[in-house]
Amino acid sequence: MHFSSRLLEQAVDEFGRLPGVGKKTALRLVLHLLKQSDGEVARFTGAINQLKEQIKYCKTCFNIADVDTCEICASPKRDKEIICVVEDTRDVMAIENTNQYQGVYHVLGGLISPMDGVGPADLKIEALIDRLKTGEVKEVILALSATMEGDTTIFYLYRKLKDFDVQISTIARGIAFGGELEYVDEVTLGRSIATRIPYERSVG
């Protein structure tokens, strides 16, 4: 792709680093910004800077939040005896959109993936174990994507958690293998949460 401006090329390169954004889409986005007023561009860049500088991660579940404790963990209406373990914030949003779950969450921050150099120590697994040590938790739902990495992480978590006096369940496989939670429709995901099964039965 030939650029008439070095500044234009640099901006396109930066936008092209975003997930799912190719060179042509990056160019379209940059050209769109160039047509906007200084005030509109300032609001855009200001929102990005503010996000990076002020965003927090909940000290309990590690979900993205504006304060130290996210609104889900802080809500007296949520059932603190049930923890739903997910990969990242996108999965929390997907499950919340189903209106089928009233417990709390634990965001791992990824999945075990040796090919990508991600091991158990890179995830918030020890923090999950610490939550179970309080004795308040009665059930842990392993709601991870139906992928090789998801299944590997579920198996590892089960081995780490099985000695605690908690029920360990996994979402029903109405989700096709290889499917990621954020792309599953709300009805299917909601049913998968509502009809969850004990982990032992899922591998039996």
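Residues numbered from 1 in each chain as written. Predicted model: local features only at pLDDT ≥ 70, side-chain atom pairs only at ≥ 80, totals over all residues. Heavy atoms only, no water.

*Asks:* Sorry if this is basic, but what is going on with the UniProt feature "zinc finger region: C4-type" (unreviewed entry) in the protein here?
*Replies:* UniProt's entry tags residues 58-73 with the feature "zinc finger region: C4-type" (unreviewed entry), counted in the numbering of this structure. Regarding residues 58-73, the helix share stands at 19% and the strand share at 12%, and the terminal C-alpha atoms are separated by 8 Å. (UniProt positions renumbered as here; feature names shortened; annotations may be inferred. Helix = DSSP H or I, 4+ residues; strand = E, 2+ residues; numbered from the N terminus.)

*Asks:* Could you clarify how one ought to interpret the pattern of salt bridges in this entry?
*Replies:* When the charged atoms of two side chains with opposite charge come close together, those side chains can pair. Evaluated as defined, the whole model comprises seven salt bridges. A salt bridge links Glu96 to Arg78; its shortest N-O distance comes to 2.9 Å. Note that Glu96 is positioned in helix α5 (residues 89-96) and Arg78 in the loop between α4 (71-74) and β3 (79-86), a separation of 18 residues in sequence. Owing to a relative accessible area of 11%, Arg78 belongs among the buried residues under this scheme. Here Asp163 makes a salt bridge to Lys162, at a shortest N to O gap of 3.7 Å. (Salt bridge = Lys/Arg side-chain N within 4 Å of Asp/Glu carboxyl O. Buried < 20%, exposed > 50% of the residue type's maximum accessible area, 1.4 Å probe, protein only.)

*Asks:* What is the right way to read the side chain of Ser169 from this model?
*Replies:* Looking at the secondary structure, you find Ser169 in strand β6 (residues 167-170). Ser169 gets classed as buried once you look at its relative accessible area, which sits at 0%. Here the side chain of Ser169 touches Glu139 through a polar contact of 2.7 Å, side chain to side chain. (Polar contact = N/O pair within 3.5 Å; in protein donor to acceptor, adjacent residues only side chain to side chain.)

*Asks:* How should I be thinking about the pairing of strand β4 (residues 103-107) in this particular structure?
*Replies:* The two faces of the sheet receive side chains in turn, since in a regular strand these alternate between them. Taking burial as the measure, the five residues of β4 include five buried ones, the bulk of the element. Relative to β4, β3 runs parallel, the two sharing five bridges. Looking at the pairing, Asp79 lines up with Gly103 of β4. For the segment spanning β3, α5 and β4, crossover handedness is right-handed. (Pairing = 2+ DSSP bridges. Right-handed = clockwise from strand over helix to strand, strands pointing away.)

*Asks:* Any chance you could explain the environment of Glu71 here in plain terms?
*Replies:* Inspection of the secondary structure assignment puts Glu71 in helix α4. Placed 13 residues apart in sequence, Glu71 and Cys58 show a C-alpha to C-alpha distance of 9.1 Å.

*Asks:* Looking at this structure, I do not really get the confidence of the model for the protein. What am I missing?
*Replies:* Taken as a whole, the protein shows an average pLDDT of 89; of its residues, 85% reach a score of 70 or greater. Within the protein, helix α9 (residues 199-202) has the poorest average pLDDT of any element, 58, and β4 the best, 98. Counted against residues more than four places away or in other chains, residues 175-179, with its pLDDT under 50, gives 16 contacts. (pLDDT = per-residue confidence, 0-100. Contact = heavy atoms within 4.5 Å.)

*Asks:* It is not clear to me how the packing of aromatic side chains should be interpreted in this structure. Could you clarify?
*Replies:* Two aromatic rings are characterised by how far apart their centres lie and by the angle between their planes. Overall, the coordinates contain one aromatic pair when judged by the stated rule. Each ring, one from Tyr101 and one from Tyr105, has its centre 5.2 Å from the other, and the planes form 65°; the classification is edge-to-face. Each member of the pair, Tyr101 as well as Tyr105, carries the same accessibility label: buried. (Phe/Tyr/Trp six-rings, centres within 6.5 Å; stacked < 30°, edge-to-face > 60°.)

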